[in-house]
Amino acid sequence: MTGNTTPAAPISPATHPASAAPPEPTETTGRTTPTTATTHPKATALAEADVTPWEDLVTAALLGTDRRTPPVRTQDKDAPTVLLDAAAVQTVRRRAGLSPAPAATPPEPAADDPRPLVPPPARRRLATLLTDHPGAGSGGRRGAVPDLMELLPQWLALANDRGFAAPPELLPALLNAARGRTDLRPQALAFAGPRALWLARLNPDWKFALRSTPGGGVALPAPEETAQVQQLWEEGLFAERVALLGAVQAHDPAAARGLLASTWSTERAEDRLMFLDSLRTHLHDADEPFLEQALTDRSRNVRATAAELLSALPSSALAARMADRAASCVAIDHAQGTKSLPTLTVEAPHECDAGMERDGVTPKPPTGRGERSWWLGQLVESAPLGTWPERLGGRTPAEIVALPVADDWRSELHAAWCRAAVRMRDAVWSRALLGVPSSPDAAGPGAASLAERAKLLAALPAGERADWVAGFIATHGLSEAFQLLGVCALPWSEPLGRAVVDALNIARDAGSYPWSFSGVMGLAERCLDPAEAVRLDALTAIPDEPEDASPGAGGYWSEAFQRLVSTLRLRAAMRAELGAPPESEGLPEHPEPPEVPPS
């Protein structure tokens, strides 16, 4: 005997499937003798599934068993069932074959935020406002329901002013809302604090937080740490270098210029342009030599930016050159007009020479503009405004603007003065070019468009700005006042708020639809002092419609005023929940007006 089992006689499962006895143990070993006839069909299928490549199973699942037969025998089951059984076997096999991996290193904890959390009532209010973010399906501006999403920027601004930190459980919803609206990002990221940057490194959907933060949220070395500053300047990412340049310039402008000069010749043109533009915030007379060198840069955009920055320095050599050129084009002609009101004559340049082009004058005009008027506008715009009183007989800006201009050059000359006044934020010239708000001509004496008037208004003090717009609305109504209202400080002053409400009431009594004033209504919801809600209650009722009124206009006006009143009361409640004084007793939410987009 060899000790091996003796093969048993085969039993036919087709003949005796039920009565076939299991194999008996042998005398020698006491173990059963395996036979091919006793292998169960399911075991065979599982064995096949165990060796079937996973990719073949996936292919059959993707194409469907009608188009691709599973790579295992079906036996008595349908093909989809066999495919799922095989996938289950392979899944167990794949998981069982995995070796334990080292535990992942947990992320570093977020930096501490020392600010106090918002009070519980304000926290609940924020949760309500965040449910109205884009895509939440809450609808837009329907009926008398306030637009919660429009209240969120105001809530964030107020919470930041009060120095509160965001509730951790609301950070994901806050970042999702900021992801959908770029205008929310500055306030939302300031409120979210360092935890927003920590989360943004873990979720690709929130990467905008790193891009929106100077330096990508990386801690910058102190400006006095010269070795670390130089290393980051030479090796850092572009966003880090821009943030570093701004921080160093605020502390030591000379050191910032040294950083720029050290790598200027090796920077890309687009990077040189961004670095140069960053000087705008803290522009100083000492920047002139560096900017003069940039006038010869290889990039046209860099040269143009350098010329613009130099023209903003009234004492620069470029400003003096532009003043001489502009002054030679404009003169007083005492032979025309009267002794007290002579006429301005204009002689536009006949060519754009190399010196003008080097100083930032673009030689080729846009389509539809004449070359000479195009060159004249650039010269006058770049000349310091102090050039003109001395050149034009010691007259004040208001007297200069009032002078007649010969040969239809008035609009071109005044438009250039407007651009200069806006860039230099000169209140005296802005006031002269705006004129009085009750002027019969809504465009004013010097501004060619309402957009330009809005830019000029931004140079005036907040109170004067509001009074001017209130006077404009009283004379010209609301149809042309939307852009002007956008530059007024928040909340609107009482005279301005009263003028807007009175104009809306007049429009309602005229029987027109409120949709024509939806923009002004939206501004009123954000800018009116909540104390005005009491006075507005009387306007929420449906008025009697005159015979010539638009059908149903009274009901629509009632809904619009109800929404306005509800929004004002919500704003008052928000301030109370955050512990802020009423708007009429506190400082403006935004002392400076929002930037007016270019026309």
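In this text the structure is predicted, and so the values were computed from the model without any measurement.

Quick notes on the rules
- Here the residue index of a chain counts from 1 through its sequence in written order.
- Under the rules for a predicted model, residues below a pLDDT of 70 receive no local features and side-chain atom pairs below 80 are neither given nor counted, while totals for whole chains, interfaces and linings still include all residues.
- Just so you know, side-chain values use all the structure's heavy atoms and leave hydrogens and water out.
- The secondary structure listing takes helices from DSSP runs of H or I that are at least 4 residues long and strands from runs of E that are at least 2 residues long, numbered from the N terminus.
- Using a 1.4 Å probe on the protein chains alone, a residue whose accessible area is under 20% of its type maximum counts as buried, one over 50% counts as exposed, and one in between counts as partly exposed.
- Here, residues are in contact when the closest pair of their heavy atoms is within 4.5 Å.
- Under the convention used here, a 1.4 Å probe and the Shrake-Rupley method define accessible areas, while residue burial counts only the protein chains that appear.
- Working convention: axes come from line fits to C-alpha atoms, limited for helices to the stretch in contact. Angles between N-to-C directions cover 0 to 180 degrees.
- Throughout, a crossing is termed right-handed when the near helix is turned clockwise from the far one, and left-handed when it is turned anticlockwise from it by less than a right angle.
- Gly is put with the polar residues, along with every residue not named as nonpolar or charged; the nonpolar set is Ala, Val, Leu, Ile, Met, Phe, Trp, Tyr, Cys and Pro, and the charged set is Asp, Glu, Lys and Arg.
- Only rings of Phe, Tyr and Trp enter the pairing, Trp through its six-membered ring, and a pair is recorded when the two centres are within 6.5 Å. The plane angle decides the type: under 30 degrees is stacked, over 60 is edge-to-face, the rest tilted.
- Charge-over-ring contacts are defined here by two conditions on Lys NZ or Arg CZ: a distance within 6 Å of the ring centre and an angle within 35 degrees of the ring normal.
- We define the nonpolar core as a collection of buried residues of types Ala, Val, Leu, Ile, Met, Phe, Trp, Tyr and Cys that are connected through side-chain atoms lying within 4.5 Å of one another.
- Pairs of N or O atoms are called polar contacts if they sit within 3.5 Å, as long as, within protein, a hydrogen donor faces a hydrogen acceptor (for residues adjacent in sequence, only side-chain-to-side-chain pairs).
- The patches described consist of residues with a relative accessible area above 30% and no salt bridge, like charges being joined within 9 Å and nonpolar side chains (Val, Leu, Ile, Met, Phe, Trp, Tyr) within 5 Å.
- Salt bridge, as applied in this entry: a Lys or Arg side-chain nitrogen positioned within 4 Å of an Asp or Glu carboxyl oxygen.
- This arc is built from the directions going out from the helix axis to the C-beta atoms.
- A score from 0 to 100, pLDDT tells how confident the predictor is in each residue.

Digging into the overall build of the protein
Item 1. Along its length, the protein carries 29 helices and two strands.
Item 2. Here the protein, with 599 residues, has 41% of them falling under the buried criterion.
Item 3. Once local pairs closer than 6 in sequence are excluded, the contacts in the protein between residues at least 24 apart make up 66%.
Item 4. In the structure as shown, the protein presents an accessible area of about 31,400 Å², 56% of it carried by carbon and sulfur atoms.

Some words on the packing of helix H21 (residues 410-424) against helix H22 (residues 427-434)
Item 1. Contact pair H21 / H22: the axes reach a minimum separation of 9 Å and the direction vectors enclose 145°. The hand of the H21/H22 crossing is left-handed. Where H21 approaches H22, its residues His-414, Trp-417, Cys-418 and Ala-421 are matched on the opposing element by Trp-429, Ser-430 and Leu-433.
Item 2. Split by residue class, the contact of H21 with H22 holds five nonpolar, two polar and no charged.

Overview of the packing of aromatic side chains
Item 1. With the rule as written, the count across this model stands at nine aromatic pairs.
Item 2. Each ring, one from Trp-233 and one from Phe-275, has its centre 5.0 Å from the other, and the planes form 45°; the classification is tilted. Of this pair, Trp-233 sits in helix H10 (residues 226-235) while Phe-275 sits in helix H13 (residues 269-277), and the two are 42 residues apart along the sequence.
Item 3. With a relative accessible area of 0%, Trp-233 lands in the buried category.
Item 4. Under the relative-accessibility criterion, Phe-275 is labelled buried at 0%.
Item 5. Put simply, the rings of Trp-233, Phe-238 and Phe-275 pair up and form one aromatic cluster.
Item 6. A cation over a ring is seen here: Arg-185 above Phe-208, with NZ or CZ 4.4 Å from the ring centre.

Some points on the nonpolar core
Item 1. If you look at the biggest cluster of nonpolar residues, it comprises 102 residues, and the most contacted ones within it are Leu-276, Trp-388, Trp-417, Ile-473, Trp-492 and Leu-496.
Item 2. With sequence-adjacent residues up to four places away left out, Ile-473 is seen in contact with Leu-478, Ala-481, Leu-485, Leu-496, Ala-499, Val-500 and Ala-503.
Item 3. Of all hydrophobic cores here, the second largest spans 37 residues; its members include Leu-126, Leu-129, Phe-208 and Ala-580.

Observations regarding the environment of Ser-299
Item 1. Assignment of secondary structure puts Ser-299 in the loop between helix H14 (288-294) and helix H15 (300-311).
Item 2. From its side chain, Ser-299 meets the backbone nitrogen of Asn-301 in a polar contact 3.3 Å long.

Description of a nonpolar patch on the surface
Item 1. There is a patch of nonpolar side chains on the surface, built from Val-58, Leu-62 and Leu-63 and spanning about 270 Å² of accessible area.
Item 2. Looking at the secondary structure, you find Leu-63 in helix H2 (residues 54-63).
Item 3. Relative accessible area serves as the criterion here: at 34%, Leu-63 is assigned to the partly exposed category.

Some words on the side chain of Gln-378
Item 1. Take Gln-378: it is sitting in helix H18 (residues 371-382).
Item 2. The exposure class of Gln-378 is buried, given its relative accessible area of 11%.
Item 3. With residues near it in sequence (within four places) discarded, Gln-378 still touches Met-322, Gly-360, Val-361 and Thr-362.

What about the environment of Leu-184?
Item 1. Tracing the sequence through the fold places Leu-184 in the loop between helix H6 (171-180) and helix H7 (185-192).
Item 2. The exposure class assigned to Leu-184 is buried, which follows from its relative accessible area of 1%.
Item 3. Put simply, Leu-184 and Pro-153 are 31 residues apart on the chain and 6.3 Å apart in space, counted from C-alpha to C-alpha.
Item 4. Those residues in contact with Leu-184, other than ones at most four positions away along the chain, are Met-149, Leu-152, Pro-153, Leu-156, Ala-177 and Ala-178.

Focus on the pattern of salt bridges
Item 1. Following the criterion strictly, the structure yields 31 salt bridges and no others.
Item 2. With a shortest N-O distance of 3.7 Å, Asp-205 and Arg-179 are connected by a salt bridge. Separated by 26 residues along the polypeptide, Asp-205 in the loop between helix H8 (194-200) and helix H9 (208-212) and Arg-179 in helix H6 bring together distant segments of the chain.
Item 3. When salt bridges with common partners are traced through the structure, they connect Glu-292, Arg-321, Arg-325, Arg-358 and Asp-359 into a single cluster.

Re helix H23 (residues 450-457)
Think of an α-helix as 3.6 residues a turn; residues three or four steps apart then line up on the same face.
Item 1. When you tally the buried positions in H23, you get seven out of eight residues, the bulk of the element.
Item 2. Residues of H23 that are buried include every one of Leu-450, Ala-451, Glu-452, Arg-453, Ala-454, Leu-456 and Leu-457, and no others.
Item 3. In this structure, the buried side of H23 is in contact with H21, H22, helix H24 (462-476) and helix H25 (482-485).

Some words on H7
Item 1. Listed in full, the buried residues belonging to H7 are Arg-185, Ala-188, Leu-189, Phe-191 and Ala-192. Each buried residue of H7 sits inside an arc of 160° when the element is viewed along its axis, so together they form one side.
Item 2. At its buried positions, H7 is contacted by helix H4 (120-130), helix H5 (148-162), H6, H8 and H9.
Item 3. Phi turns positive one or two residues past the end of H7, at Gly-193, with a value near 70°.

Concerning the environment of Arg-300
Item 1. Within the secondary structure, Arg-300 sits in helix H15.
Item 2. Remark: the alpha-carbon pair of Arg-300 and Leu-273, spanning 27 residues in sequence, is separated by 9.8 Å.

Quick notes on the confidence of the model for the protein
Residues shown with low pLDDT carry predicted positions that ought not to be read at fine detail.
Item 1. In this model, the protein carries a mean pLDDT of 83, and residues with pLDDT of at least 70 account for 82%.
Item 2. Confidence over residues 1-38 falls short of pLDDT 50; this stretch has 25 contacts with residues more than four positions distant or in other chains.
Item 3. Predicted confidence is poor over residues 586-599, with pLDDT under 50, and the contacts of this stretch with residues over four places away or in other chains come to 31 contacts.

Thoughts on unusual backbone geometry
Item 1. Going from Leu-490 to Pro-491, the amide bond is cis rather than trans, its omega being -15°.
Item 2. Residue Asp-407 is not a glycine yet carries a positive backbone phi of 60°.
Item 3. Tracing the backbone through its elements, the reader meets Asp-407 in the loop between helix H20 (397-402) and H21.

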